[in-house]
Amino acid sequence: MVASSADLLPHPLDPLSQAEIESAVQLVKKAHGDLFFNVVSLHEPRKAEMTKWLEDSSAPRPPRIADVVVIAPGGKVYEGFVDLASGTITKWDLLDGLQPIITMEELMAVEHVCRKDPKVIEQCVISGIAREDMDKVYCDPWTIGYDERYGNKVRLQQALMYYRPNIDDCQYQYPLDFCPIYDQEKREVIAIDIPNVRRPLSKAQPVNYHPAAVEKAGGYRDDLKPINITQPEGVSFKMTGREIEWQNWKFHIGFNYREGIILNNITYNDKGNVRPIFYRLSLAEMVVPYGNPEYPHHRKHAFDLGEYGAGYMANSLALGCDCKGSIHYLDAQFASRSGSIRTIKNAICIHEEDAGILFKHTDFRDDSVVVTRARKLIIQQIFTAANYEYAIQWIFHQDGTIQPEIKLTGILNTYAINPDEDTKGWGTQVYPGVNAHNHQHLFCLRIDANVDGPKNTVFMADAVPSEAPVGSPENFYGNAFFAKRTKFSTVGESATDYDGATSRTWDICNTNKLHPYSGKPVSYKLVSRETARLLPKEGSLVWKRAAFARHTVHVTKYRDDELWPAGRHVPQTSGEPSHGLGEWMGDGSESIDNEDVVLWHTFGVTHIPAPEDFPVMPAEPITLLLRPRNFFANNPAMDVPPSYATTPSQIAAKRAAVIDATDKLSKLAFANGNGNGNGSACCGNGTNGSS
């Protein structure tokens, strides 16, 4: 259900409303004239004052402040704060050598300029495209990354060029081999990078994934029956504004231009005791380095959040396909470059799904059984970064587990290749004339811990054998092993990597509170096994720019506004010096023992492309877990109603099941499909094959 908040004022963590964005824009325009708006977003309240208000709503309400970044005529970049209550600009600074995030309008302008540029037309003709076919030339604009020829005071994009013989064809099948450089201020192409080895336009027949192409290739499968998700009594979650309550969980759902979904003040109601777990969770940054050393491919390493924004690139989600079942949506609103309002309908979808077995046990002696089914709550957004789609899911489970999951799909970034050309291992020819380069998707999860309170300590846990030799009194039979825990006392000690040999995990502990049975600190454990290490070498451009990706885990002491690990302004940074996490780590000596800490976790995949990934990729999931350990007295989900429960005493007395809440809509797939013809529920008889 959706409840209206009795408080007419927005929650302090709510995104700026349309009226607030319009107010900030008008105040800035009045003071500074016509500008291009790159950012008008909530400047998040200071944690100290926000915490006071969360603990006592009669405390002073944190002010609503707009964070504004603009580009003035001449390319000058300014950033400032607008106090929305007083209508005053409280900060206004000129930035030097920093470029703000690229907007969607800036990206879309590049293609139109390239099609009309004489230098680009000349290269298209050399590639085998007729001059009159320039309307069939497309480009994916990327920020230039960093190019020492131009530095960072001129706002640049690089155009990755493609061709479509037909408007419905997949352009990534027809990559072009040259790369124009676009000057945003001049709105013109200022240079073109041309490779030493030319690769003319491919003449291969199109391979497409749209309906007409599939039908031409033999048609769609006709043996799929519908699967419907129904909740006849409605959903089990409650919305009050942007705060959600579900199965003992309660948290606020924010959204901004950069990170997309932000979850705040995450608590769990433990039998009447509302316990804090995390103050803020978000996907804070990502980098996608490509592995072809040929110039200028070293510039291809997109910071999709810091350079373009998961919020700005968010899809408008559709009922029944992006999100299936009983769905609640939240919209997103941003300022366009002109300052008008841009609305993304249904930017976030919220829904429940069946999650299989929550727990089950059968006593083999008499087939008494308890089986409880699980469900999960999903908070989802999907964003499109040129060729790639990323489905970001925050999954909450009834047992206190949080499961961030990312599904990668979309289309490979491609480059031209000549017939019989050797890829040299840096890529794969996925179709004639199409070279898909090796690349990585490395994400950085920001975990602002609040495990039973703000003072937390992080430990590394490794499963290792006993050091005592076989035959010793401590390990006579040689079978002993344990979890070796290493405490991070300083920032420097926390820079660690995943080790699959020891099933390494990391525990965020409140050492001030011990479990009554285990005697161990209450904690949440980070379990993450898909943790590809950054493969570009130390000293490379991407290594310098993406300091957060050098290790699987870093831990820092909390400071307001240390939100984005590649820095506040990412486009065209050189990495010298390193911005963001690289500078926040300092000399490594700062204490993080029993402090308000933030854990930064880099995870992801290394993608060596294959033909099965083309022309459109099946979704590849990446998942990790934040699990309660020594946090609850015992299994916190035992109060979830079982689907079926019998006990030894009931079985002995030949009475009916203690609980029979089996799904009455489920049925056998085939007549006599269970082999006995009676179609009875499997929960109640013959579970282990006994009579």
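Structure: see above.
Residues numbered from 1 in each chain as written. Predicted model: local features only at pLDDT ≥ 70, side-chain atom pairs only at ≥ 80, totals over all residues. Heavy atoms only, no water.

What follows covers the overall build of the protein. Scanning the protein from terminus to terminus reveals nine helices and 34 strands. For 691 residues, the compact-globule formula gives about 26 Å, and the C-alpha radius of gyration of the protein, at 28 Å, lands near that figure. Considered along the principal axes of its C-alpha atoms, the protein spans approximately 90 × 65 × 65 Å. Each of the 691 residues in the protein was classed as buried or not, and the buried ones make up 53%. Taking all contacts inside the protein whose residues are at least 6 apart in sequence as the whole, residues at least 24 apart take part in 67%. Surface summary for the protein: the accessible area is close to 31300 Å², and the carbon and sulfur share equals 53%. (Helix = DSSP H or I, 4+ residues; strand = E, 2+ residues; numbered from the N terminus. Rg over C-alpha atoms; globule rule 2.2 N^0.38 Å. Buried < 20%, exposed > 50% of the residue type's maximum accessible area, 1.4 Å probe, protein only. Contact = heavy atoms within 4.5 Å. Areas by Shrake-Rupley, 256 points an atom, 1.4 Å probe, with all protein chains shown as cover.)

What follows is about the side chain of Thr143. Note on placement: Thr143 falls in strand E6 (residues 137–143). Here Thr143 is in contact with Ile102, Leu156, Gln157, Gln158, Glu307, Tyr308, Pro571 and Gln572, once residues within four sequence places are set aside.

What follows concerns the state of the cysteines. Inspection of the entire model under this criterion finds one disulfide. Disulfide partner of Cys323: Cys349, at an S-S distance of 2.4 Å. For the disulfide bridge between Cys323 and Cys349, the dihedral angle about the S-S bond is near -90 degrees, and by the sign convention the bridge is left-handed. Of this pair, Cys323 sits in the loop between helix H6 (304–308) and strand E16 (328–335) while Cys349 sits in strand E17 (residues 341–362), and the two are 26 residues apart along the sequence. Under the relative-accessibility criterion, Cys349 is labelled buried at 0%. (Disulfide = S-S within 2.5 Å.)

All right, on to the packing of aromatic side chains then. Enumeration over the complete set of coordinates arrives at 22 aromatic pairs. Taking the centre distance of 5.8 Å and the plane angle of 10 degrees together, the rings of Tyr78 and Trp92 count as stacked. Of this pair, Tyr78 sits in strand E4 (residues 77–83) while Trp92 sits in strand E5 (residues 88–95), placing them 14 residues apart in sequence. Exposure remark for Trp92: the relative accessible area of 21% places this residue in the partly exposed category. Between Tyr162 and Tyr172 the ring centres are 4.8 Å apart and the planes differ by 65 degrees, which places this aromatic pair in the edge-to-face class. Of this pair, Tyr162 sits in strand E7 (residues 156–163) while Tyr172 sits in the loop between E7 and strand E8 (179–183); the two residues are ten residues apart in sequence, bridging distant segments of the chain. Taking the relative accessible area as the measure of exposure, Tyr172 reaches 7% and is therefore buried. (Phe/Tyr/Trp six-rings, centres within 6.5 Å; stacked < 30°, edge-to-face > 60°.)

Another point: empty space enclosed by the protein. Under the criterion given, the structure shown has seven cavities of 30 Å³ or more. One number sums up the size of the largest cavity: a volume of about 160 Å³. Around the largest cavity, the lining comprises 19 residues; the ones closest to its centre are Leu160, Phe178, Cys179, His297 and Tyr415. Those elements that place two or more of their residues in the lining of the largest cavity are E7 and strand E21 (414–416). Considering every element that reaches the lining of the largest cavity, the biggest residue donor is E7, with five residues. Split by residue class, the lining of the largest cavity holds twelve nonpolar, four polar and three charged. Within this model, the second largest cavity holds a volume of roughly 100 Å³. Lining the second largest cavity, in full, are Leu13, Pro15, Leu42, Glu44, Gly254, Phe255, Asn256, Ile262 and Asn264. (1 Å grid on protein atoms, 1.4 Å probe; cavity = no way out; pocket = protein on both sides within 12 Å on 5 of 7 lines; lining within 4 Å. Points joined across faces, edges and corners; volume = space filled by probe spheres on them. Nonpolar A, V, L, I, M, F, W, Y, C, P; charged D, E, K, R; others polar.)

All right, on to the environment of Val288 then. Checked against the element boundaries, Val288 lands in strand E14 (residues 273–289). Expressed as a C-alpha distance, the spacing of Val288 and Pro15, which sit 273 residues apart in the sequence, is 28 Å. Discounting residues that sit within four places of it in the chain, Val288 has contacts with Lys300, His301, Ala302, Asp304, Tyr390, His439, Gln440 and His441.

Here we take up the layout of surface pockets. A water-sized probe rolled over the atoms picks out the places where empty space is left. For the second largest pocket, the calculated volume is near 1000 Å³. For the second largest pocket, the lining is made up of 44 residues, of which His11, Trp53, Leu54, Glu243 and Asn265 are closest to its centre. Secondary-structure elements contributing two or more residues to the lining of the second largest pocket are helix H2 (47–55), strand E11 (243–246), strand E12 (249–256), strand E13 (260–270) and E14. Top element by residues in the lining of the second largest pocket is H2. It accounts for six residues. Considering only residue class, the lining of the second largest pocket consists of 16 nonpolar, 15 polar and 13 charged.

Bringing unusual backbone geometry into the picture now. Cis geometry marks the peptide bond from Tyr295 to Pro296; its omega dihedral reads 0 degrees. Structurally, Pro296 can be placed in the loop between E14 and strand E15 (301–302). Looking along the chain, the bond that leaves Phe614 and enters Pro615 is cis, with omega of 5 degrees. With respect to the secondary-structure elements, Pro615 resides in the loop between strand E30 (597–607) and strand E31 (617–623). Even without being a glycine, Gln247 presents a positive backbone phi close to 50 degrees. One can find Gln247 in the loop between E11 and E12. Under the relative-accessibility criterion, Gln247 is labelled partly exposed at 31%. For Asn248, which is not a glycine, the phi torsion comes out positive at approximately 80 degrees. Within the secondary structure, Asn248 sits in the loop between E11 and E12.

Our next topic: the nonpolar core. Grouped together as the largest cluster of nonpolar side chains are 115 residues, with contacts concentrated most on Ile379, Tyr390 and Phe396. Of all the elements, E14 adds the most residues to this core, at eight residues. Discounting chain neighbours no more than four positions away, the residues touching Tyr390 are Met286, Val288, Asp304, Gln381, Ile382, Phe383, Ala385, Ile406, Lys407, Leu408, His441 and Phe443. (Core = buried A, V, L, I, M, F, W, Y, C linked by side-chain atoms within 4.5 Å.)

This next bit is on the sheet that holds E4. If you walk across this open sheet you meet the four strands as E2-E3-E4-E5, and the pairing is antiparallel. Each end of this open sheet is capped by a strand with a single partner; those strands are strand E2 (36–42) and E5. Neighbour-to-neighbour, the strand axes of the sheet open up by a mean angle of 15 degrees, direction not taken into account. Pairing geometry for strand E3 (residues 65–71) and E4, over seven bridges, is antiparallel. Counted as the bridge partner of Val69 is Glu79 from E4. (Pairing = 2+ DSSP bridges. Axes fitted to C-alpha atoms, helices over the stretch in contact; angles between N-to-C directions.)

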